[in-house]
Amino acid sequence: MDPVIEIENVSHLFKQHRALDGISFQVSPESLHGFVGPNGAGKTTTLKLICTLLKPQVGKIRVFGHDVRNNVKAIRRRIGYMPDHFSMYRQMTVFEYLDFFAAAYGFTLKERNRIVADVLALTDMDVRKDDFIQGLSRGMQQRVSLARVLVNDPDLLLLDEPASGLDPRARIELMEILRELRRMGKTIFISSHILSELAELCDSVTIIDRGKTKYSGPMEALLDQQTETPTYRIRVDLSAEETETQLSALPGVLSVEGIEGRSDVRVKIDPTITDGNQLLSAIIASGMIVMHFGRDQRHLNEAFMDLTERGVRS
Amino acid sequence: MNRILALVKRALQTDARQLRGHVIRFLLGAFILWMLFVYQATAGLSTAPGLDLFRSVMVCNYLAITIAGTAFFSSAITEEKEERTLGLLRMAGVGSTSLILGKWIPRLICAALLLSVQIPFNFLSVTLGGVLWQQVVACYLTLFAHLYLVGNLGLLASVLMSSTASACGLAFGILIALFILPMLLSVLAMETSGFISQAASGLANAIQSGSAQSQISEILATGANPAMWNFQIISNLIVGTVFLITSWLFFDVFTRNEKEPGSIGLFDRLRRRRNMTRRRRIGSYPIIWKDFQFIGGGRIFILLKFGIYFGLAVAITFFSLRTNRDIAEMLGGVLFGYSIFFLFIELAIVSARVFRYELQEKTWSTLVMLPRSIREIAYAKVLGGLTTTLPLFACMFLGIILLGEDFWEGLGSLMQEFEALLVITYLLLQYLLGLHLSTFCSIVAKWGVWPVAISMAAFIMIASNMVVISFFALAGASDGWEALVVIGCMITGGITLALHHMIGDRLQAKAAES
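This section reports on the structure supplied with the text. (Residues numbered from 1 in each chain as written. Chains lettered and ligands numbered in written order. Predicted model: local features only at pLDDT ≥ 70, side-chain atom pairs only at ≥ 80, totals over all residues.)

### Section: the overall build of chain B
Scanning chain B from N- to C-terminus turns up 24 helices and zero strands. In terms of overall dimensions, chain B is globule-like: its C-alpha atoms have a radius of gyration of 25 Å, near the 24 Å expected for 514 residues. Along the three orthogonal principal directions, the C-alpha set of chain B runs to about 65 × 65 × 60 Å. Buried positions account for 36% of the 514 residues belonging to chain B. Pairs at least 24 apart in sequence give 81% of the contacts found in chain B among residues at least 6 apart. (Helix = DSSP H or I, 4+ residues; strand = E, 2+ residues; numbered from the N terminus. Rg over C-alpha atoms; globule rule 2.2 N^0.38 Å. Buried ≥ 20, exposed ≤ 12 C-beta atoms within 10 Å, placed from the backbone. Contact = placed C-beta atoms within 7 Å.)

### Quick notes on the sheet that holds strand β10 (residues 212–218) of chain A
Residue and element names in this part refer to chain A. Spatially, six strands are ordered β6-β7-β8-β3-β9-β10 in an open sheet, and the strand pairing comes out mixed. Either end of the sheet is taken by a strand with one partner, and the two such strands are β6 (79–82) and β10. Geometrically, the sheet is characterised by an average inter-axis angle of 10° between neighbouring strands, direction not taken into account. Across four bridges, strand β3 (residues 32–36) lies against strand β9 (residues 204–209) in parallel orientation. Among the inter-strand pairings, F35 is bridged to a residue of β9, identified as T206. Helix α1 (residues 43–50) rests against β3, β7 (156–160), β8 (187–191) and β9 of the sheet, and its axis sits at about 150° to β7. Docked against the sheet, helix α5 (residues 138–150) engages β6 and β7, running at close to 160° with respect to β6. (Pairing = 2+ DSSP bridges. Axes fitted to C-alpha atoms, helices over the stretch in contact; angles between N-to-C directions.)

### Topic: the environment of B:L237
Residues and elements named next belong to chain B. Checked against the element boundaries, L237 lands in helix α12 (residues 231–255). Sequence-wise, L237 and L147 are 90 residues apart; in three dimensions their C-alpha atoms are separated by 9.5 Å. Aside from chain neighbours lying at most four places away, what touches L237 is A145 and Y148.

What follows is the structure, encoded as structure tokens:
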């Protein structure tokens, strides 16, 4: 399948400041793609370029195969962009606001009734439809904002920091809605700083820093990267000390490290001697009862810290 | 004391370091100097060139203080309310006195400097004849007192209201009431007798004497020997101080709870109530509908406005009725004339408001994301904004009907006057340029709330026209003026078109900025 977003060697300058410096990546259809980078890395600029608010100065951006320079209307019909700030007509009621955008997209009255009801149900806002937007909490306003983005049934959602400023409950609920949208076949491109949630949610990720692409690809591959020595996280029915002694004696085990505050241990193996299956069999054969056995992956935070540079961009 | 004046000191340091303020003051001084030179060169055309020049400068100053000054001071506290930074300032140990002084004094100094920079140049108008140095001093004292009054009125409105727009509305409302009240009281004094008549007459005189506008007219009357300290100055200073103290007293009460930006007005609430019972739906032109609701105020406000305009016209007709004139014809004339007058004012307000709200609330980027060109969206917004003038068009139409044949006869004779048509065309084109300028100012200027945007546009228009006219006057081009007006029309049209495109470009850029 053709990628939904293709970015090739895109650079963008604001006066003397180089916001983007030859970034390239692709986003596959029906995927949930995370977009990560430190403050000032160029995330919002990239999003504005994809959603046609800015025109690329150098390089090419194609969305659904359309060049963002020439096919603005065709692209806008198929995308929904949620900016990183609340930009809503606060004097409108929730219903009026969604109905207004549905009408602006050219839907008939009958279609609008169905669409507004659907997006209100999806975002769980139907009970608040007659409330003024100004009176809603931040989390509710974010839901209305998401509902607005969904009004034209877009194939691609571009979300800039959708969870910023939300309390944990509102954040979890928002993530649930995003999962539901992915199940509905939408492609979601999400920029966020909440890495733990992105790691759990996204199929693929792009990390940028100082206007350059540092990584772009599947989330799994990023988390497995740089672990040339396979590492497993194991918990057995023994004390930490006994576990370390017994596991160190198994063939192919290079090291066993305890994890502070946990009864798990991290075991590194030599892949030329053994593999995960053999290790598990050896543990069971030695009479230990396995409580947990899994491949130890890096956290997205660690990958992010490794790939991005320290300090503030000049 | 240092702590109380910390904000004042910081604001003044920032202003002093910015080039923009110095450039504006320099341009103002240069402009007056240029006009002095022109009036001196064309002194033969007037019996009192110094007085003519000084009077026009004073009128401009009075209007600038009243319109732009009110808006400038009305944002003093509301800008912090809108940004929701008052709480942070309080947590940093900035007290209410420090906040009020920190926001009010720099503005007052900035405005006073703009007035002060003109004084040395305007003293030179004495050398042109027709005006005495005592009149110059008295006029400036009058203006400073008026500035103090307006500054404190704006500050009070800014403390009481939650947004700059509503603070401007309150301050303007009070100033307009002070303007209209003497007229109404005079009518009341004439229609009644005894104590009520005396009280009404006394109050009307007091308000009139306290007005800077009437004081300037009095000072500049031929042969006047004005007193430096008069009732207007003293009353303006006292009332201004009362406003300042009231602002300080009510500051904590009105700034305790910070609200979300944007306000829900009475009409919004009425609309909601109706929506809940019978939801009214958006038609085929949603952007026009939205601005009809938010700029025009919706159906309720449009009807209310029509009632007010029509009622005003009826009241004016009734009070100025002459026995030998046909009442319908007179009402028609009033309706038609007043509709045109208010139409010019309302169009200027719409031009400065139409994009401002979207930019301020950062909703422009969301609107622009619709699959339409920026031109389609912008023109739809303009049409939506123009719906606010529907009551005036209705009044004008009614006026034409009541005027009957008189209107068509007048129009017919106007059409035969080539020179008059030429001048009207030039003025309309200038007005169109002014509308574009105020839209442009409202988009690019940080302080582009509508009164400021309109004032900026009006000042640019008046100054540039005066410069152009002065060039012609210096060149002695009095013959063949029609050709000059035609050239003026073409230049105005060209600049308007260029500005039209620039507005489009700025709107595109603003969508990406927000």
